[in-house]
Each structure stands twice: as C-alpha cells, then as structure tokens.
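The lines below spell out each chain.
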Number of protein chains: 2
Amino acid sequence: MKVVKTIPELKEFVQTEKKAGRQIGLVPTMGFLHEGHLSLAEKARKENDIVIMTIFVNPLQFGPGEDFERYPRDLERDEKLAASAGVDCLFVPEVEEMYPQPSIITMTVTGRADKLCGEKRPGHFDGVATVVTKLFHLTEPDKAYFGLKDAQQFAVIAGLVESLNFPVEVIGVETIREEDGLAKSSRNVYLTEDERSKAPHLQKALQLGVQTAERGKKSPAEIKQLTNDYLQSHAGAAVDYVELLSYPELEPLEKAHGKMILAAAIKYSKARLIDNIIFNLN
Amino acid sequence: MKVVKTIPELKEFVQTEKKAGRQIGLVPTMGFLHEGHLSLAEKARKENDIVIMTIFVNPLQFGPGEDFERYPRDLERDEKLAASAGVDCLFVPEVEEMYPQPSIITMTVTGRADKLCGEKRPGHFDGVATVVTKLFHLTEPDKAYFGLKDAQQFAVIAGLVESLNFPVEVIGVETIREEDGLAKSSRNVYLTEDERSKAPHLQKALQLGVQTAERGKKSPAEIKQLTNDYLQSHAGAAVDYVELLSYPELEPLEKAHGKMILAAAIKYSKARLIDNIIFNLN
C-alpha cells in the first residue's frame, strides 16, 4: 500500500492508474478506522481495480467548540488496517495541503443541510460538500463509498453529485454495529463504561419507532414521541433530536409513507452519538 | 461533428473518448460564435485529440433586467462555424437539461468576484462558477479554453480550479479584434452604426492608460483618470467603470507594478461593452 501525503504524489498515482484504464474506488474517512470504514474499503475492493482511502480530519466541517482538536487519531494503526482491507493508496494530507490559501469559492448546501445534525451544526455540511468536492477532483473516482450511519451526509453528497453533475457514482453502505447494536463510530471511544452500556438503546429506540410506524401508526409526531420517550427513559443521555423525514430529500412528512429516515442524536458527557434507520412504507 | 442536446448522449461520447485514452479540450461558449470563439476552438484542436464545444446561454449568470432573453442566438450558423473550426462534439443543452430541479448547492465567489463587472452584476460570477463546474464534470476535459476579453471571468475560473482542485488545465486565449481594434463580441450586433464607429476608442483608451503607466506614471488614480477622460471625450458612451487592479487576484494597487489589468466597461444604447489589457511592470 502506497501512503502519500502531498497532492502532487496523489495526482501522479491517480494519473498512472487512469491512463492504464483502471477503475478507481474512493473511501473518504477522517481516520481512527473501525469495522465500518473497513467494510467500505472491502466493498470498494470488490467493485474496483484500485482503492484509494483518504484520512483527513477536515477542519471546515467542525464548528467552534466541537471536537476538531481532540478528534481521535492513530495513523500507525490506521495504516495497518487500511492495508489489511486491501487499500492500494492511502492519502493522508495535512490541513495546509488541502487548504493552502483562502478559497475564492464558498459552497453552501441548502434544503437537505438545515435539518437533523445540520440544524445543530451550522456550516457542517458546507464543509463536508467542500472537502468531498476537493477529494473527488483529486482522486477522480468512478465510485465513492460512504457509510449510511451518516445518512444525512450521504443525502447531501448524493445531492451534491446530482446538482453539480459529478462523474462519480456514490454508494451508501449499511452501518456496521457492535454485537449489542451500537453503531460503530470513532467517537465511541469517548464513552464512559456506564454510557457505553446504555448507548445501544439509541438503536433500540429507533427500532421501536419504526415498528410502531410499520404496525400502522402514521403520525410522525406520535412516532417521534414514542422514540423520544424510550430514549429519555433508557439511554441515560440528553436527547438532541428525534426526527422522521423523507429520504433522501429530508422533507417533513404529514404522515409516515414512502422512503423515510427515523434519526436521532443523543449527548453523553463527552460524545454526541447519531444513528438512524432508513425504511419504506407503501 | 456530433451535435448532442442531452446529458446522457454527452456522457456516452465523453466516456467512449476517455476509455480510448484520448485527451479532451473543452471550449465553453454562449454561442453566436465569432472569430474569438473560433480561435479558442482552433487552439483546442491543436492541443488535444478531441474538441468539445458547449453552447449554453446560462440563465444563472444573468441578473434581472439583463439581456438573457434577447441574447443573440443562431444555432444553425454556429453549427457550421464549429464544424469548420474542427469541433468534434457540440453540446447544446436546453435550460431544463442543465437545471432540471433546484440545486441543493450554491456556489459563491468571493474576492475576485466583487470588483469590476462583479460589482455591477451581483451573482454573475456565482452563476459562471456553477455552470463551469457542471460543464467540467460533464465533459471531463484535460484542458479548457477561455477568452481573455473576459479577463475577470478567467481569473475567477482559474481561482475556482485552484480552490477546488479541479483536474483541468485552464488556458486563457488572447482577445481577437476587428481591424480597427474593437474586441470581437457577440454583443457587438447591438451597436448602432454611429456607436460601432466610436466603439474602438474603448481599446484606444486602455492603450493610452497602459502607455502612461509604462512611461512612468505610477499612480492608479491618474492612470484611471486619463483613461476615463479619453473615453468620455471619444467613445460616445456612458463609462461604467475604469479600473486598474493586480491580476489575477484583482486587488487594488497603491502604485502600478507587477502583473496588472487595466479594464473598462462602457454602455451604449443597447450594448454594454468590456475590454481590458493585462500587462506587466517591474
């Protein structure tokens, strides 16, 4: 596995592979890899000739007071894991490599960005759209893989690609979970023992909400209330939001129908966790 | 020459050429072709295997009250001219093909966009950046060609490419002029006979300003005043602006030095004309 830190090195790798007619799969990450990331790399491995993984903690998508500085990093371990998952090229740029001078372009995401996490993290998805645009241009992938745990991020990126005609197929990959149902996340390391034991209730609450909808309760307010009540009494965390929206448009619903997302965010002492279920009702 | 109107047809053409390893040169235009556009196509022809020209009058870059509706169009003539200049594929989409639904992404250009024409045409360069982004993604060019008559547009596009790491080399091509010095422009057809006879004074005024700087006058205010005075007494038009700025950054200067642009815009009864000289003083 080739590890590159600079854009000229990366472009040289990409150009060589493109000229040889090889299909490139991209897995953008912020590092501190877990099985979720590795499942993306493995899927990319199966579906492409070449797999490029990027590890970049993007300051543009962190707000003031968020965890940019203390976001967990372990490059040595990440390199081994990426290699074991079949990554061909690992791009690990410094912040100065990605943002050498002030950009003359600001990208603003509307619609899909101002709900759910976007409402709590203003500018977050603008930062995501910008870095994904840059990574797409730098790696020229045929396919790019994103985890569906960040379902809103996936909706934003799918909308970005559609709105600006990127020649990239974006693929959402199912969330990988611990045995007790907790979604794998780099931020799980922030949890205390007690919090860790209660965190699986996040997914359980969402399952309860979806089952309620599937059994015939169609009022979004009631579905959200039930999910919220369960979280309040079981998760031992502050509930940031519980939302039921159309997917991927993320529009409010008058009643539960079609393709939807039930999503929630909760806050423990040092970690904010998100999870969701995307489901269909006809 | 292949003429395509839809994105799927265009992408099929591009994919075939890319797979064959052919280098693509792109010439984006708004049509009503003149020798300026053809000189771009001819340069693209020399430097690439395949030349794609696009003709699209982009509503996003026209402000309210501007000439979007009456912008001159003559597709039949354009097709002949493009073919004669060696264009391989002419992409002529309808507005609905380029903007089928509201975009979830807004691109805003800062710095280089709020001077010169940008100040008079708010949002104009945001529209340019958006459509150029879409056209770059749709045609995946190795090189893209733009006329330096629109020097600010070129500065914005160069900044766009740099800021977002587009894998495209952008090439600015010298302005093509009538024998009397008037820059070729699709909007010249709007001029009355009397206006047409006076319009070459736009370039003459700029030459006068540059000569003044080259002869030692370093005060931007004086250089602009001289240029402006000449325009007022010779061009028979309202002077929209005369500006001397660094190029391509478009920053104001304390004194004339380095790479600069002297640019002006004037308004006749039905046409607003722009012209510029990019020059160096050490």
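These numbers were taken from a predicted model, which means no experiment stands behind them.

**Q** Which parts of the structure should I look at to understand the pairing of strand S7 (residues 169-173) of chain A?
**A** Residue and element names in this part refer to chain A. Taken together, the five bridges between strand S6 (residues 143-147) and S7 define a ladder with parallel strand orientation. Residue pairing in the sheet places Tyr145 in a bridge with Ile171 of S7. In terms of handedness, the path from S6 via helix H7 (residues 151-164) over to S7 forms a crossover that is right-handed.

**Q** I tried to follow the packing of aromatic side chains on my own but got confused; where do I start?
**A** We describe a pair of aromatic rings using the distance from one ring centre to the other and the angle between the two ring planes. Summed over all chains, the structure comprises ten aromatic pairs over all chains. Pairing B:Phe62 with B:Tyr71 gives two aromatic rings, centres 5.9 Å apart and planes at 75°, and the pair type is edge-to-face. Judged on exposure class, the residue B:Phe62 and its partner B:Tyr71 are both buried. Through a chain of ring-to-ring contacts, three or more aromatic side chains come together here, namely A:Phe62, A:Phe68 and A:Tyr71. The ring of B:Tyr190 is capped by B:Arg70, whose NZ or CZ atom sits 4.6 Å from the centre of that ring. Residue placement shows B:Arg77 over the ring face of B:Phe32; its charged tip is 5.8 Å from the ring centre.

**Q** So what exactly am I meant to see when it comes to the UniProt feature "binding site: beta-alanine" (unreviewed entry) in chain A here?
**A** Residue and element names in this part refer to chain A. Per the UniProt record, "binding site: beta-alanine" (unreviewed entry) is found at Gln61. With respect to the element layout, Gln61 can be found in the loop between strand S3 (50-55) and helix H3 (75-84). With a relative accessible area of 9%, Gln61 lands in the buried category. The contact partners of Gln61, leaving out residues within four places of it in the chain, are Met30, Glu66, Arg121, His124, Gly127, Val128 and Val131.

**Q** Would you mind showing me how to read the pattern of salt bridges here?
**A** A side chain with one charge can pair with a side chain of the opposite charge if their charged atoms come near. All names here are of chain A. Evaluated as defined, the whole model comprises 32 salt bridges over all chains. The salt bridge involving Asp67 is made with Arg187; its shortest N-O contact spans 2.8 Å. Here Asp67, found in the loop between S3 and H3, pairs with Arg187, found in the loop between S7 and helix H8 (193-198); they are 120 residues apart in sequence, far enough to count as distant. On the basis of relative accessibility, which here comes to 8%, the residue Asp67 falls in the buried class. You can call Arg187 buried: its relative accessible area is 18%. Overlapping salt bridges, with partners in common, bring together Glu35, Glu178 and Lys184 in one network.

What counts as what
- Residues numbered from 1 in each chain as written.
- Chains lettered and ligands numbered in written order.
- Predicted model: local features only at pLDDT ≥ 70, side-chain atom pairs only at ≥ 80, totals over all residues.
- Heavy atoms only, no water.
- Pairing = 2+ DSSP bridges.
- Helix = DSSP H or I, 4+ residues; strand = E, 2+ residues; numbered from the N terminus.
- Right-handed = clockwise from strand over helix to strand, strands pointing away.
- Phe/Tyr/Trp six-rings, centres within 6.5 Å; stacked < 30°, edge-to-face > 60°.
- Buried < 20%, exposed > 50% of the residue type's maximum accessible area, 1.4 Å probe, protein only.
- Lys NZ or Arg CZ within 6 Å of the ring centre and 35° of its normal.
- UniProt positions renumbered as here; feature names shortened; annotations may be inferred.
- Contact = heavy atoms within 4.5 Å.
- Salt bridge = Lys/Arg side-chain N within 4 Å of Asp/Glu carboxyl O.

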